[in-house]
Amino acid sequence: ILNVEQSPQSLHVQEGDSTNFTCSFPSSNFYALHWYRWETAKSPEALFVMTLNGDEKKKGRISATLNTKEGYSYLYIKGSQPEDSATYLCAFGSGGSNYKLTFGKGTLLTVNP
Amino acid sequence: SQTIHQWPATLVQPVGSPLSLECTVEGTSNPNLYWYRQAAGRGLQLLFYSVGIGQISSEVPQNLSASRPQDRQFILSSKKLLLSDSGFYLCAWRSPGSGRSYNEQFFGPGTRLTVL
């Protein structure tokens, strides 16, 4: 059974603060690491798919890094806004042609105005 | 463009009743299809996935079953619901093919199931 851990479980920040979360995953048989943003009453929205050790991806104020050798990824949000409030999920991809995702429990971010 | 539909959006069912949740995808052919569940206090758990019509792989032994009668239709069923089947059910699709560029999974709007 693959173990994908996310920390912290929840986070409250003030508008304008920068923040980051951690995702840890197995360092063996790595294929890809996914980040999703999940707002209440909506579908999870794909943020990044990261495949190579040392990958860094950026979308607006959100960025992510990947270390496959030690099995962790960081998600950063610069200058948090209330609309960033959501659950951020990471998922470890495996399986090749029968590709499957194993999700962490997520980090619930609340940005207070 | 591709879209994914799920229905119903919410469902309240008594213990022991049957279940049928439907997922359809438009705008793509031969997608890989997935059913996930998020139970209270837990992460998203993969229940079933399918790489083609009639091909179903089960990830977790449980009270549920899945079927894929058509290329872009994925159905989650139960003959008799248990309290522990309550949760949020998400369907997802992925483009077929190999290579890491096809890894992205796209999710439907989900079904909130409450078993009483």
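Residues numbered from 1 in each chain as written. Chains lettered and ligands numbered in written order. Predicted model: local features only at pLDDT ≥ 70, side-chain atom pairs only at ≥ 80, totals over all residues. Heavy atoms only, no water.

Colleague: Lay out the pairing of strand 2 (residues 10-13) of chain B with the relevant residues and their values.
Modeller: Residue and element names in this part refer to chain B. Side chains of strand 2 alternate between two faces, with Leu-11 and Gln-13 buried and Thr-10 and Val-12 left unburied. Strand direction decides the pairing type here: strand 2 and strand 11 (residues 111-115), joined by four bridges, are parallel. Bridge pairing in strand 11 places Thr-10 opposite Arg-112. (Buried < 20%, exposed > 50% of the residue type's maximum accessible area, 1.4 Å probe, protein only. Helix = DSSP H or I, 4+ residues; strand = E, 2+ residues; numbered from the N terminus. Pairing = 2+ DSSP bridges.)

Colleague: Requested: an account of the sheet that holds strand 3 (residues 19-24) of chain A, with residues and values cited.
Modeller: All names here are of chain A. Sheet architecture is open: five strands sit in the order 1-3-8-7-6, paired in antiparallel fashion. Every other strand in the sheet has two partners, leaving strand 1 (5-7) and strand 6 (56-59) as the edge strands with one partner each. Looking at each pair of strands side by side, their axes are set apart by 15° on average, direction ignored. Note: strand 1 against strand 3, three bridges, orientation antiparallel. Bridging from a neighbouring strand, Glu-5 pairs with Ser-24 of strand 3. (Axes fitted to C-alpha atoms, helices over the stretch in contact; angles between N-to-C directions.)

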